[in-house]
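Now for the letters of each chain:
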Amino acid sequence: MELEAIPGVGAKTAAALRELDDPVATVESGDVAAIARAPGVNEARAARIARGAIRRRHDDDGRVLATDRAREVYRSAIDLLRERTVTDYAAKRLETFYPSASASRIDEAQSFVEAATERDPDPAVREALTGVEPLTDPPTVRVRDRCLATADAETLARAESAVPELSVETVEDARDISELARSYATVIVLDETFAGLDVEGDVHVRPDALETPAETVPERLLAFFAANRERLEAAAAVHEAADLSPAADLGSLRDALARLDDDGTVVGDAELERLTAAVDDLDAAVSTAESVADDRLREAIRERDVTIEGTDFLSLVEQGARVDSLLDRELADEYDEAIARAREQFADALRLEPEEAELAERVFGGDPSFPVEHDESAVSRLRTELSAARDRRAARLKAELASDLGELREPVEELVRDALELDVELAIARFARDFDCVMPDVVEPDAEGEPETAGKGFRIEDGRSPLLDVAFEDAEPIDYAVSGATLLSGVNSGGKTSTLDLVALVVVLAQMGMPVPAASASVERFEEVHYYAKSQGTLDAGAFEATLRDFGDLVEGADGRLVLVDELESITEPGASAKIIAGILEALDEQDATAVFVSHLAREIRDAADFDVAVDGIEAAGLVDGELRVNRSPRKGHLARSTPELIVEKLAGDRDTEFYESLLEKF
């Protein structure tokens, strides 16, 4: 699949997507988090790209949501689902579900949703999900103790691109490499022509170094795991709480993470910690050892009976007099003992190994002096040796840990992805449970079905709308089925608009592949859904003309469309409205479209139409204490009485007068 062929993906976005390891597979997977790792692509944009890829895969070029009100119903449905997510990822991922006219896409979505509704939205799992986020790529880590070397310009450019963590140096011969070995702890030569090279220092000839980044620059992998530690631990906790089979061995993962510090360094190795502390504490240890030797000599001088009084001798010494010959002559044993104590203190403070202690002996042991002086060149040599040992140890441990983590790199991607996808599934499961949903039948327009629908229109049993301004459990269930062009009549505030909203919601959810809030439902696979909300007053001439143009375009090829219209008569005078609505219904009937028009002019429209218009009614049982008592389920083939008629009827019953009786007869 060409990336530019995905709807909404231009050349710039396609270039960004190609930065991914496997861009086509990643985009087709629908993994919003993985797509969002492309440069400049956020999760919202990634969701649109994933949705476009789904459309492309199913050859789904249509747009089911044909009007603003239809799109509002879809947004309401998505919001109800998103409210039940824990992670931002799941909220964005749900955006990849959309009302489709493609049978294959609906089947695909339904398969996912049916499995999702079997999930148990355990609160413990939801709590564990709070720490899960998509994995992140940390900033490039600069490694300064290692470099790459090559004599080839093309290899140089490739190395700089593939391994930005390391400096890449140009060399011509062994002398250049030897010079680099003096500046870097490790030199990795990329050219096979240097095989067999024998120079002093830690130099490796590895032509495959660019193909094995975990070995060449293990810091990259360690930084990745360090940056994602909390996300990985949270994903592991989700799998345990939900009793899922993890893609990665959780014991191995936790053991490896325990060996890794938050800054990407290796921890838990006693020898590395000893060498690191020795390098860090070297100067302090030298100063302390000098003090130990000086204190011992002070004590010896005070106690020693020499030609001059010890206190006078000490005074001279502290004033800077030369004492090397006096120390050598009078206090040789004491001086040697002081130096021995200094060396012992120095070695113990740094916890030096025997071979390192030999170097440490050179730090103290020159010509006698007081105060005792150290040999700076010996300190520098020891520092170099300890630093090199530390770096070699750290490099080996990094390589070993990176090797262990390298085996977990792909499994942890799946581990986190599965945890995030579980949040998507649990949101759908909660939606289905919260609103007593059922999976609907989405039938082909010409499929055989119930006699009432015969594969056309929709059928809803015990449907309740979560879009009402009442608690869902307080919503009255309704039954309604329509095939063909139909008028829906009824009293004011009887629930006609709410019925349209429920029909639109059920159809939109069904064609998203989602469960619907009903005991049972069947929906024709509509090509388009046109839902027109009630107009806010009479339109002026220009707006009225524009509205008629919309309906003129609508009735052309209306087969496969669902048309829902709420009180279209409000756009102009009632007499003209009835004729216009009758004409629209005639055209829709000829196209065999499914339509529900809510109107208070049902009788007038029926009289004006050239065909037998179906009329359903939401019937009011009457007025009780000034309030309507309504049977919310539309009654088939019934012209419902209006609110004024009910009030006149009540007055006629309450007051035995000819006036109210005559008014009632006019209805």
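These notes cover the structure that comes with them. (Residues numbered from 1 in each chain as written. Predicted model: local features only at pLDDT ≥ 70, side-chain atom pairs only at ≥ 80, totals over all residues. Heavy atoms only, no water.)

### Some remarks on the overall build of the protein chain
Step number 1: From N to C terminus, the protein chain includes 28 helices and 15 strands.
Step number 2: Sorting the 667 residues of the protein chain into buried and exposed places 48% on the buried side.
Step number 3: When contacts within the protein chain are restricted to residue pairs at least 6 apart in sequence, long-range pairs at least 24 apart make up 69% of them.
Step number 4: Summed over all atoms, the accessible surface of the protein chain reaches about 32100 Å², with 44% contributed by carbon and sulfur. (Helix = DSSP H or I, 4+ residues; strand = E, 2+ residues; numbered from the N terminus. Buried < 20%, exposed > 50% of the residue type's maximum accessible area, 1.4 Å probe, protein only. Contact = heavy atoms within 4.5 Å. Areas by Shrake-Rupley, 256 points an atom, 1.4 Å probe, with all protein chains shown as cover.)

### Here we look at the pairing of strand 3 (residues 186-189)
When a strand is regular, its side chains alternate between the sheet's two faces.
Step number 1: Neither face of strand 3 is exposed, since Thr186 and Ile188 on one face and Val187 and Val189 on the opposite face are all buried.
Step number 2: With four bridges joining them, strand 1 (residues 146-150) and strand 3 adopt parallel strand pairing. Bridge pairing links arginine 146 to threonine 186 in strand 3.
Step number 3: As judged from the three bridges shared by strand 3 and strand 4 (residues 203-205), these two strands associate in the parallel manner. The residue of strand 4 that forms the bridge with isoleucine 188 is histidine 204. (Pairing = 2+ DSSP bridges.)

### Describing the side chain of aspartate 191
Step number 1: Relative to the helices and strands, aspartate 191 is located in the loop between strand 3 and strand 4.
Step number 2: We note that aspartate 191 is buried and unpaired, the nearest opposite charge coming from arginine 158 at a distance of 7.9 Å.
Step number 3: If sequence neighbours within four positions are ignored, aspartate 191 has contacts with Ala149, Thr150, Ala151, Asp152, Thr155 and Val205. (Lys, Arg positive; Asp, Glu negative; His and termini not counted. Salt bridge = Lys/Arg side-chain N within 4 Å of Asp/Glu carboxyl O.)

### Topic: the sheet that holds strand 8 (residues 485-490)
Step number 1: Sheet architecture is open: five strands sit in the order 10-11-12-8-13, paired in parallel fashion. Sheet topology places strand 10 (528-532) and strand 13 (614-618) at the edges, where each strand pairs with a single neighbour. In this sheet, neighbouring strand axes are inclined to one another by 15° on average, regardless of whether the strands run parallel or antiparallel.
Step number 2: Relative to strand 12 (residues 594-598), strand 11 (residues 561-566) runs parallel, the two sharing five bridges. Note on strand 12: the bridge partner recorded for aspartate 566 is valine 598. (Axes fitted to C-alpha atoms, helices over the stretch in contact; angles between N-to-C directions.)

### Focus on the side chain of glutamate 567
Step number 1: Within the secondary structure layout, glutamate 567 lies in the loop between strand 11 and helix 25 (574-590).
Step number 2: A distance of 3.5 Å separates the side chain of glutamate 567 from the side chain of lysine 534, its partner in a polar contact.
Step number 3: A distance of 3.3 Å separates a polar atom in the side chain of glutamate 567 from a polar atom in the side chain of histidine 600.
Step number 4: Those residues in contact with glutamate 567, other than ones at most four positions away along the chain, are Lys496, Lys534, Val598 and His600. (Polar contact = N/O pair within 3.5 Å; in protein donor to acceptor, adjacent residues only side chain to side chain.)

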